[in-house]
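Each chain, letter by letter, is given below.
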Amino acid sequence: MPFIPHTKKDTSEMLQAIGVDSIADLFDEIPPELMIEHLPHVPPAVGEMEISRLMRRRAKMDGSPMCFIGAGAYEHHIPTAVWDIATRGEFYSAYTPYQAEASQGTLQTIYEYQTMITELTGLDVSNASLYDGASALAEASLMSVRANRRVKSGRILLAPGVNPVYEQVAAAIAGAQGLTFERLEQDAASGNIDFNSLPDGREPVAVVVQQPSFVGTLDDVDRLTNWAHEQGAMLIGIVNPTSLALLRPPGQWGEAGADIAIGEGQPLGVPMSSGGPYFGFMTCKQKHVRQMPGRIVGRTTDLEDKPGFALTLQAREQHIRRSKATSNICTNQGLMVTAATIYMSLLGYDGLVGVANTSQANTALLAEGLCGIEGVDRLYEGPFFHEVALKLDRPVAPLLTALADRDILGGFDLTSTVATNALLVCATETKTKADIEAYVAAFADLMANDSA
Amino acid sequence: MSDLPGDLLYTNDHEWLRREDDGSVTIGITDHAQSALGDLVYVELPEVGLDIEEAGEMAVVESVKAASDVYAPISGSIVAVNEALADDPEKINSDPYGDGWIVRVQPSDTIDESALMSPDDYQTFIDELDD
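Keep in mind the model is a prediction, meaning the values are calculated, not measured.

It is worth spelling out the overall build of chain B at this point. Assigned secondary structure in chain B consists of 3 helices and 9 strands. N-terminal to C-terminal, the α/β element order of chain B is β-β-β-α-β-β-β-β-β-α-β-α. Sorting the 131 residues of chain B into buried and exposed places 38% on the buried side. Nonlocal contacts in chain B, meaning residues at least 24 apart in sequence, comprise 61% of its contacts between residues at least 6 apart.

If you want it as structure tokens, here you go:
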């Protein structure tokens, strides 16, 4: 749907119709003392030529290092066709047009996206996406309170492998609404849940597990799902979409399956872009669909019995229910979702399995190489997907700095969040055997010469 | 507008109350309310045993247009809910005073009938709204 700006004539006619002189007058109820005339630290606007030059200079400073960092965002090969199609005029927009009479293409794309995400996660229904994986945890937590009304505790139990940033974001958003987040005990050897110390009788409204975990390990999600349901809690699974090509989907965990699945959609065709924009996804069982936040596109038939697409289940959204809406999310990450839909279509099932298998094999190769170096060992035992935590005999930060000088982004320093002298590394399908060997050689060199 | 059942009491939130022989009170929404909401697609019912406060939220009726709260006209405890509405919410549209009942409440106090409307008063109330 093209966007055609109003002409000055349109604007003045509209203002005249409502009896207002200027657009500024529409905002005159805002007290002048609350108006900000200028933003400190934001420089004045510059022209296209100047901004292009500035951005080229900044981009050059980034260089083109080899990236072995994961920890929530993952470098995957994005076929050129993905963004070639996503940036066509029919899709490329800062605003997602939902009007059924004008946006059948956009709505069908979202519908196809929802279908693909429900297939990946093994659940019944998907929304049109959320802002990112971390805020999706906040939304899922609030949703569990609405859907699991028997439990009044507002207590959400998190597996030890839940991304610490996700917990911070969820607590910031949902904490003010009476929800509390508590961690389950960790088994030191595996890094996973310590099933011997699960707290019975805490009346959690939901239990959250991340698979693969933040540190790359695989938890016993079946056992945890069953335990959560025995406790009267809902089970929320945080999943990596690439991993679902290999791992059993949340809908099939345990005897009854996860109730809600969420995650970060960035691995599906969205570039890392220094942190965003990304998109969050959310799917759930059919019986909880009315408590699901955000937009949902449905397939229907028009007056001539032809298939068509329209937003559905809007009755609990903000524009109708105001302060009683299920969520203040009234939008989705339309452009990112368009890219993800094209990415999944181009790769297909076999392609996604290929990406997942190669990423896993590359990370296994990297782990083997690095663990062959004196002073480097696995932090946890057990299987991992495409990320692995290592334990070093010295601080991580100086090593990462020295690696960066050699154009290698060597991993994520876990010191402040998980364990001292611990490093999280990831090698996706974008890395060749030579890349991995080069990284291992550089790491060995730095460790041996203690130049770090 | 169909005739209002004469044995019921009404509220200005368009709910009706029927006093049962066992002392409990059956509550639903009026024909006027269902007609204004349009075709109902979902009813969110409270749990049996829940204590409700007068004017507190008690249930949600959702049509294709909007989800609306049903407020408790009296304080008390929920003794029964109309489970049939889970599969068949349009019973409220087709039979608002019969099969479309929503909850049955055991009142915690004597009911202040002066705060409620007789059929005639309610008829006048909705006639004025329509004007």
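The subject of this paragraph is the sheet that holds strand S2 (residues 125–126) of chain A. Residues and elements named next belong to chain A. Reading across from one edge, S2-S8-S7-S6-S5-S3-S4 is the order of the 7 strands in this open sheet, with mixed pairing throughout. Since the sheet does not close on itself, it has two edges, and those belong to S2 and strand S4 (180–183), each with one partner. Relative to strand S6 (residues 234–239), strand S5 (residues 206–211) runs parallel, the two sharing 6 bridges. Its bridge partner being in S6, Ala206 is matched across the sheet by Met234.

Residue and element names in this part refer to chain A. Assigned domains within chain A: domain 1 (84–341) and domain 2 (348–449). Computed over C-alpha atoms only, the centres of domain 1 and domain 2 are separated by 29 Å. Between domain 1 and domain 2, the residue contacts involve 13 residues of the former and 19 residues of the latter. For the side of domain 1 that touches domain 2, a count of residues per class yields 7 nonpolar, 6 polar and no charged.

What follows is about helix H7 (residues 221–230) of chain A. Residues and elements named next belong to chain A. Taken together, the buried positions of H7 are occupied by Val221, Leu224, Thr225, Trp227 and Ala228. Here the buried residues of H7 occupy an arc of 165° about the axis, which is enough to place them on one side. Downstream of H7 by a residue or two, Gly232 has a phi angle that is positive, lying close to 80°.

The next point concerns the interface of chain B and chain A. Opposite the 8 residues of chain B that make contact, chain A presents 6 residues. Class assignment for the residues of the side of chain B that touches chain A results in 4 nonpolar, 1 polar and 3 charged.

Turning to the confidence of the model for chain B, a few remarks are in order. For chain B, the average pLDDT comes to 92, and 98% of its residues sit at 70 or higher. Across the predicted assembly, pTM comes out at 0.89 and ipTM at 0.75.

To continue, consider the environment of Asp194 of chain A. Residues and elements named next belong to chain A. Here Asp194 shows up in the loop between S4 and S5. Of the residues examined, Asp194 has 14 C-beta atoms within 10 Å and is grouped as partly exposed. Spatially, the C-alpha atoms of Asp194 and Gly410 are 30 Å apart, while their sequence positions differ by 216 residues. If we skip the residues at most four places from it in the chain, Asp194 touches Glu185, Gln186 and Asp187.

Looking now at the pairing of strand S7 (residues 67–71) of chain B. Residues and elements named next belong to chain B. Where strand S6 (residues 57–63) and S7 come together, 5 bridges link them in antiparallel fashion. Pairing of Val61 across the sheet is with Ser68, part of S7. What sits between the antiparallel neighbours S6 and S7 is a turn of 3 residues.

Leave glycine aside and you will find that most residues have negative phi; peptide bonds, for their part, are mostly trans. All names here are of chain A. Look at the link from Gln211 to Pro212: it is a cis peptide, with omega at -5°. Its location among the elements puts Pro212 in the loop between S5 and H7. Geometrically, the link from Gly276 to Pro277 is a cis peptide bond, its omega value of 0° lying close to zero. With respect to the helices and strands, Pro277 occurs in the loop between strand S7 (260–264) and strand S8 (280–284). One non-glycine residue with positive phi stands out, namely Ser129, at about 110°. With respect to the helices and strands, the residue Ser129 is situated in the loop between S2 and helix H5 (133–147). Residue class for Ser129 comes out buried when judged on the 28 C-beta atoms lying within 10 Å of it. One non-glycine residue, Ser274, adopts positive backbone phi at about 55°. Residue position: Ser274 is located in the loop between S7 and S8. Given 7 C-beta atoms within a 10 Å radius, Ser274 is considered exposed.

Thresholds applied
Residues numbered from 1 in each chain as written. Chains lettered and ligands numbered in written order. Predicted model: local features only at pLDDT ≥ 70, side-chain atom pairs only at ≥ 80, totals over all residues. Helix = DSSP H or I, 4+ residues; strand = E, 2+ residues; numbered from the N terminus. Buried ≥ 20, exposed ≤ 12 C-beta atoms within 10 Å, placed from the backbone. Contact = placed C-beta atoms within 7 Å. Pairing = 2+ DSSP bridges. Domains from an automatic or database assignment. Nonpolar A, V, L, I, M, F, W, Y, C, P; charged D, E, K, R; others polar. Arc of directions from axis to C-beta. pLDDT = per-residue confidence, 0-100.

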